[in-house]
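This is what each chain is made of:
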Amino acid sequence: AESLVSHGFTFEYEFHALSWLVPRKWFETKPEWFRMNENGERVSDFNICPSNQEALAYLRERSAELAAQLPYNSNRYFFWLDDVRNASCHCEHCRDLSPSDQALILHNHILEGVQKHNKEATACYLAYQDTIPVPKKIRPNPGIFLEYAPIFRNSAIPMSDSSCPENVKEASHIDELLQFFGKKDSQVLEYWIDNSRFCNWTYPLKKMEINLDVIREDVRFYMSKGFSSATSFACYLGEDYAKEFGIPPIREYAQALKGE
């Protein structure tokens, strides 16, 4: 981190943090903190109960603690919920809230926590999988910004291609999301150079075939919508990749982001 900062980089963390923020060990003594499944059982598999005020207070405190431990030189915090679908709470207080509404409650409390550490902090709402539709009942606190991650897209075809049903479905949420959360600080989190996705998250590694034309067209599309920035996952591109295939095409990716 120090080396990156010394070379002028902005250093941020983006990761699924909820199991650290509210450890599953608490289920033994505080099962009410955790979500209720569709069978009416409290379970500790994913996420927490967004209606439990004690759990939310703990989430807020742990978010402040995590923010203090990470070497940020940015005011943007990306503490995501669990990476899974069908993880909503179905208790009597939550069952009428959509996955997006439930997620926004948690993101609002994460924001309150990081602002205890950094008064200038902002925090993302991750529109991803079940939470890509716009929340209907909960409003974002000031300081929440949109991060849009269309994981179910077809990466071989530009997002703007109206003949691709996967991309049409993912892109159909963009306008409403930007209207709801605002365009300020909004970010696209893409999969352009996510070799883990192209390898279906399994080894052995495969050589990544980067599609520069798609990246350039996607950047034009996203910027035309009003997003402030765009970035990409870049997993499975470490030392083991370099040993087998050589330096990954990061420079080409960066040039494509700039439209070159």
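Cut-off values and rules
- Residues numbered from 1 in each chain as written.
- Predicted model: local features only at pLDDT ≥ 70, side-chain atom pairs only at ≥ 80, totals over all residues.
- Heavy atoms only, no water.
- Buried < 20%, exposed > 50% of the residue type's maximum accessible area, 1.4 Å probe, protein only.
- Helix = DSSP H or I, 4+ residues; strand = E, 2+ residues; numbered from the N terminus.
- Arc of directions from axis to C-beta.
- Contact = heavy atoms within 4.5 Å.
- Salt bridge = Lys/Arg side-chain N within 4 Å of Asp/Glu carboxyl O.
- Axes fitted to C-alpha atoms, helices over the stretch in contact; angles between N-to-C directions.
- Parallel < 35°, antiparallel > 145°, perpendicular 65-115°, else oblique.
- Left-handed = near helix turned anticlockwise from the far one by under 90°.
- Pairing = 2+ DSSP bridges.
- Right-handed = clockwise from strand over helix to strand, strands pointing away.

Visitor: I'd like a description of helix α6 (residues 174–181), backed by residues and values.
Guide: Quick reminder: α-helices carry 3.6 residues per turn. Residues three or four places apart thus point the same way. By the burial criterion, the buried members of α6 are Ile174, Leu177, Leu178, Phe180 and Phe181. Down the axis of α6, the buried side of the element spans an arc of 165°, and every buried residue falls inside it. Tucked inside the fold, the buried residues of α6 contact α4 (99–117), β3 (122–127), β4 (144–148), α5 (165–171) and α8 (212–225). Looking one or two places after α6, you find Gly182, whose phi comes out positive at around 90°.

Visitor: Quick one: what's the story with the pattern of salt bridges, residue by residue and with numbers?
Guide: Under the criterion given, the structure shown has 16 salt bridges. We note a salt bridge from Asp82 to Arg24, for which the minimum N-O separation is 2.5 Å. With Asp82 in the loop between β2 (76–80) and α4 and Arg24 in the loop between α2 (18–21) and α3 (53–69), this pair connects stretches of sequence that are 58 residues apart. Residue Arg24 is classed as partly exposed on the basis of its relative accessible area, which comes to 27%. Measuring nitrogen to oxygen at the nearest pair gives 3.2 Å for the salt bridge that ties Lys225 to Asp175. Within this pair, whereas Lys225 is found in helix α8, its partner Asp175 is found in helix α6, the two being separated by 50 residues in sequence.

Visitor: Account for the packing of α3 against α4, with residues named and values stated.
Guide: Helix-helix packing: each pair is described by the crossing angle between the helix axes and the interaxial distance. At a closest axis distance of 7 Å, the pairing of α3 and α4 adopts a crossing angle of 45°. Judged by the angle between their axes, α3 and α4 are oblique. Considering the relative orientation of α3 and α4, their crossing is right-handed. In contact with Leu56, Leu59, Arg60, Glu61, Ser63, Ala64, Ala67 and Ala68 of α3, α4 contributes Ile105, Leu106, His109, Ile110, Glu112, Gly113, Val114, Lys116 and His117.

Visitor: Residue-level account of the pairing of β2, with values.
Guide: The buried fraction of β2 is high, at five of five residues. Side chains Arg76, Phe78 and Trp80 of β2 all project onto a buried face; the interleaved residues Tyr77 and Phe79 project onto the opposite face, where all are buried too. Summarising the sheet, strand β1 (residues 14–16) and β2 pair through three bridges and their orientation is parallel. Following the sheet pairing, His16 is matched in β2 by Trp80. The pairing of β2 with β3 spans two bridges and is classified as parallel. Paired with Arg76 across the bridge in β3 is Thr122. For the handedness criterion, the β-α-β arrangement of β2, α4 and β3 is classed as right-handed.

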